[in-house]
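Examining the three-dimensional arrangement
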Amino acid sequence: MPITLDQLNAAPLAEAALLLDGLYEHSPWIAEQALKQRPFSSLAALKHAMVRVLHEAGVEPQLALIRAHPELAGKAMVSQSLTAESTHEQTKAGLTHCTPEEFAHIQRLNADYNAKHGFPFILAVRGPRGTGLSKAEIIATFERRLHNPVDFERAECLRNIHRIAEIRLNDKFGFEPTLGNAVWDWHENLARHTDPGYAELGQLTVTYLTDAHRACAAQLQQQMLALGFDEAHIDAVGNVVGVYHAGPQPNAVRPELVEGLARASTSSARTDGSDSPATAKTLLTGSHYDTVRNGGKYDGRLGIFVPMACVQQLNQAGRRLPFAIEVVGFAEEEGQRYKATFLGSGALTGHFNPDWLDQQDADGITLRAAMQHAGLPATLDAIAALQRDPSKYLGFVEVHIEQGPVLNELDLPLGVVTSINASVRYLGEVIGMASHAGTTPMDRRRDAACAVAELALYAEQRAAADGDSVATVGMLQVPNGSINVVPGACQFSLDIRAPSDAQRDALAQDIVTQLQAICDRRGVRHTLEETMRAAAAPSAPAWQARWEAAVAALGVPLHRLPSGAGHDAMKLHELMPQAMLFVRGQNSGISHNPLESTTSDDMDLCVRAFAHLLEQLAAEHPN
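Bear in mind that the values here come from a model prediction, so they are computed numbers and not experimental data.

Rules used in this analysis
- Residues numbered from 1 in each chain as written.
- Predicted model: local features only at pLDDT ≥ 70, side-chain atom pairs only at ≥ 80, totals over all residues.
- Heavy atoms only, no water.
- Helix = DSSP H or I, 4+ residues; strand = E, 2+ residues; numbered from the N terminus.
- Buried < 20%, exposed > 50% of the residue type's maximum accessible area, 1.4 Å probe, protein only.
- Contact = heavy atoms within 4.5 Å.
- Areas by Shrake-Rupley, 256 points an atom, 1.4 Å probe, with all protein chains shown as cover.
- Lys, Arg positive; Asp, Glu negative; His and termini not counted.
- Charge placed at Lys NZ, Arg CZ, Asp CG, Glu CD.
- Phe/Tyr/Trp six-rings, centres within 6.5 Å; stacked < 30°, edge-to-face > 60°.
- Lys NZ or Arg CZ within 6 Å of the ring centre and 35° of its normal.
- pLDDT = per-residue confidence, 0-100.
- Pairing = 2+ DSSP bridges.
- Right-handed = clockwise from strand over helix to strand, strands pointing away.
- Expected span 1.5 Å × (residues − 1).
- Salt bridge = Lys/Arg side-chain N within 4 Å of Asp/Glu carboxyl O.
- Axes fitted to C-alpha atoms, helices over the stretch in contact; angles between N-to-C directions.
- Parallel < 35°, antiparallel > 145°, perpendicular 65-115°, else oblique.
- Left-handed = near helix turned anticlockwise from the far one by under 90°.
- Nonpolar A, V, L, I, M, F, W, Y, C, P; charged D, E, K, R; others polar.
- Polar contact = N/O pair within 3.5 Å; in protein donor to acceptor, adjacent residues only side chain to side chain.
- Core = buried A, V, L, I, M, F, W, Y, C linked by side-chain atoms within 4.5 Å.
- Arc of directions from axis to C-beta.

Focus on the overall build of the protein chain
- The helix and strand tally for the protein chain stands at 22 helices and 16 strands.
- A principal-axis box enclosing the C-alpha atoms of the protein chain has dimensions of 80 × 70 × 45 Å.
- Buried residues in the protein chain amount to 54% of all 623 residues.
- Considering only intrachain contacts with a sequence separation of at least 6, the fraction spanning at least 24 residues in the protein chain is 77%.
- Roughly 25,800 Å² of accessible area belongs to the protein chain as shown, and the carbon and sulfur atoms make up 53% of that amount.
- Positive and negative side-chain charges in the protein chain, numbering 51 and 72 respectively, have mean positions lying 2 Å apart.

This is the structure in structure tokens:
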């Protein structure tokens, strides 16, 4: 019989420890110490209690735990001396049925890994969905992580150990993250569509108004209707817009309930007509479905599917809320095919730039022609009509994968965003003098590339001393450079981000001033063009508080953090209050990369947090 949380909370310590036996390989002390923090309000709270115990134990106990794990397809598997849990996991991943060549390759990897790191390679082989990684995925991960620094890899092993324990704990409690599994599967299904040239390589690329992009839009529209949305359409710029109407509230709202939205109606509908569908306001939410080239499956799309799962739950329960829910899959956020970043959300705020229509992609196709080919009106009047009236909306909320390492390193599934950082971007060039590399003395050179290199190092140091600010010289190019020529020109980009406009401006001013000083000292000159400037978008306090209450209700420790990346929320911020919720990413939180990943367990918590936010809003708008 599965364990229940009430049973675990009430059991004597020794008995409770036996109930949790086997979570951490040959290391019962972790669960035993965590149990001293009972009672636990949720499985998520228990999971994090064990994470904290191991974190506070220090390096030597952590290494002992790692070394207590068997090698993948190693001697313990051959001798059949694995624990029952490890046997199940390695069997599920197919490691007990390796070909001789696969087995020999894994053995070589084990030897090389142990020689470099001094501990065995640990991987949660049941993967982010809990159904098991393929042998090819396991081997590719092994090969990649072999080259990590030792300290980094030790932490990565611990994160995988916690994931293993999470899955084992789910098994003991008979818990399946069904909401998260559904959302995970929806991502996989949508990722079938990818642009030509990338599909053949198994890479995900969906750029604005390509065939793959249009297929994604059609699939999202059809799925919204199938899940119970009252309306779903593709608008004049390709956004997919689904609406679930407001309606009478037959039940008293209980925001303390966070186990999903599916609760049956038991009392009669209201008759006073307040907050009728015609007069009720709307909660706006969503994110983008386009991708960068060779990107990940979750960037943007998670923020579409999570509220879709909540609407599905409402529809299945026959429930309406006193406000409508509008979910928008924004057609363009990444600026990959055309230089029209935030085109989708910008259309909703009235900031579509008419000049964009004449932009050409790499094949010479104008944006206007691409829109017409896609069956969109491509007229400024049709696009202008998309602007939303903020008086009709409660606000905008967005769920997004973090795209960074913070939550992953803290072993926290969710984080509440305090602000989207302000940013400014430049394209520049330093012009020196090309000269012979062999005959030009070092003190006579006017080396443009060295000037930019010095600028990059200054930007790195200045931003590092400035709290949560960042500065990046991401592109460096020496036109017509030669191995034996002192660079006469160097083109570069500069990206600066900070939590506030004032902090960004001070950082940018110092870097630009330093660029001039570097050029003066080196006898070179420069050009610098500002190509983009975006104001900081601090979360509206009341909306941030709702996300915080939702996270706390799940038993997950509260962590607040800024967003260094830009999001559609920063455009909607111009019209209405907004706030964001981040979901932990795997693989050190990497994003804009095929390794971008998150687990169905974290997705499940995210859906429940969104459901809790809906319940809070419903409680604030009683019948």
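Focus on the packing of aromatic side chains
- Under the defined criterion, the tally for this structure stands at eight aromatic pairs.
- With a centroid separation of 5.4 Å and an interplanar angle of 75°, the aromatic rings of Y113 and F121 are classed as edge-to-face.
- Owing to a relative accessible area of 0%, Y113 belongs among the buried residues under this scheme.
- We classify F121 as buried; its relative accessible area is 1%.
- With a centroid separation of 6.4 Å and 50° between ring planes, the pair formed by F330 and F396 is classed as tilted. Taken together, the residues span a long stretch of sequence, with F330 in strand β4 (residues 324–330) and F396 in strand β5 (residues 393–401) at a distance of 66 residues.
- The positively charged end of R159 is found above the aromatic ring belonging to F152, 5.9 Å away from the centroid.
- Positioned above the aromatic ring of W543, the side-chain terminus of R546 is 4.3 Å from the ring centre.

Remarks on the confidence of the model for the protein chain
- For the protein chain, the average pLDDT comes to 92, and 93% of its residues sit at 70 or higher.
- Below pLDDT 50 for its whole length, residues 251–275 participates in 55 contacts with residues either more than four positions away or in separate chains.

Brief notes about the pairing of strand β3 (residues 282–288)
- The element β3 is extensively covered by neighbouring structure, given that seven of its seven residues are classed as buried.
- Here β3 shows two buried faces, one formed by T282, L284, G286 and H288 and the other by L283, T285 and S287.
- Of the pairings in the sheet, the one linking β3 to β4 comprises seven bridges and is parallel in character. From the neighbouring strand, L283 faces β4, where its bridge partner is I325.
- Where the polypeptide runs from β3 across helix α13 (residues 302–316) and back to β4, its parallel neighbour, the crossover connection is right-handed.
- Here four bridges tie β3 to β5, and the two strands are oriented parallel to one another. Across the sheet, residue L283 finds its bridge partner in β5, namely G395.

So, helix α19 (residues 501–522)
- Taking 1.5 Å of rise per residue, 22 residues should cover 32 Å, and α19 covers 31 Å from first to last C-alpha, within 8% of that figure.
- The secondary structure elements touched by the buried residues of α19 are β7 (422–431), α18 (448–464), β9 (470–472), β12 (489–498) and β13 (525–534).
- Looking one or two places after α19, you find G523, whose phi comes out positive at around 70°.

Quick notes on the pattern of salt bridges
- A full pass over the atoms with the stated rule returns 33 salt bridges.
- Of the charged contacts, one joins E156 and R159 as a salt bridge, the two residues approaching to 2.9 Å between their closest N and O atoms. You can see E156 and its partner R159 sitting in helix α10 (residues 150–173), three residues apart, about one turn around the helix. Comparing E156 with R159, the two get one shared label, buried.
- Salt-bridge contacts for R320 lead to D230; the nearest nitrogen and oxygen are separated by 2.5 Å. Taken together, the residues span a long stretch of sequence, with R320 in the loop between α13 and β4 and D230 in the loop between α12 (211–227) and β1 (231–234) at a distance of 90 residues.
- Members of the salt-bridge network, linked through shared partners, are K47, R163, E166 and D601.

Focus: the packing of helix α20 (residues 541–553) against helix α22 (residues 600–620)
- α22 packs onto α20 with a crossing angle of 125° between their chain directions and a minimal axis gap of 8 Å. Between α20 and α22, the crossing angle belongs to the class labelled oblique. Along this stretch, α20 crosses α22, giving a crossing that reads as right-handed. Contacts from W543, R546, W547, A549, A550 and A553 of α20 reach α22 at A609, F610, H612, L613, Q616, L617 and E620.
- Of the residues in the contact of α20 with α22, the class split is nine nonpolar, two polar and two charged.

A closer look at the packing of helix α11 (residues 178–190) against α22
- For the pair α11 and α22, interaxial distance at closest approach is 7 Å and the crossing angle is 110°. Considered as vectors, α11 and α22 are oriented roughly perpendicular to each other. Along this stretch, α11 crosses α22, giving a crossing that reads as right-handed. Along the contact surface, α11 presents T178, L179, G180, N181, V183, W184 and H187, while α22 presents S600, M603, D604, V607 and R608.
- Residue classes in the contact of α11 with α22 are distributed as five nonpolar, five polar and two charged.

Quick word on the side chain of T210
- Tracing the backbone through its elements, the reader meets T210 in the loop between α11 and α12.
- Within polar-contact distance, the side chain of T210 engages the side chain of D195 at 2.7 Å.
- Each residue touching T210, except ones within four places of it in the same chain, is listed here: D195 and R337.

A few points about the nonpolar core
- Among the nonpolar cores identified, the biggest contains 81 residues, and Y208, M308, M371 and W547 are the most heavily contacted of them.
- Sorting elements by how many residues they give to this core places α22 first, with 11 residues.
- Setting aside chain neighbours within four positions, we find M371 in contact with Y208, L209, A236, V237, L357, L376, A378 and I383.
- Listed in part, the 51 residues of the second largest apolar core include A11, F40, F121 and F142.

Some remarks on helix α9 (residues 135–145)
- Every buried residue of α9 is listed here: I138, I139, T141, F142 and R145. All buried residues of α9 fall inside an arc of 160° around its axis, so they share one side.
- Packing partners of the buried residues in α9 comprise α8 (100–117) and α10.

Side note on the pairing of β5
- Most of β5 is tucked away, with nine of its nine residues classed as buried.
- The pairing of β5 with strand β16 (residues 578–583) spans six bridges and is parallel. Bridging across to β16, F396 finds its partner in Q578.

Focus on the environment of R533
- Along the chain, R533 turns up in strand β13.
- Among the residues examined, R533 registers a relative accessible area of 41% and is labelled partly exposed.
- Ignoring sequence-local partners within four residues, the contact set of R533 consists of S423, V424, Y426, R504 and D505.
- A distance of 2.9 Å separates a polar atom in the side chain of R533 from a polar atom in the side chain of D505.
- For R533, the side chain forms a polar contact with the side chain of E530, separated by 2.9 Å.

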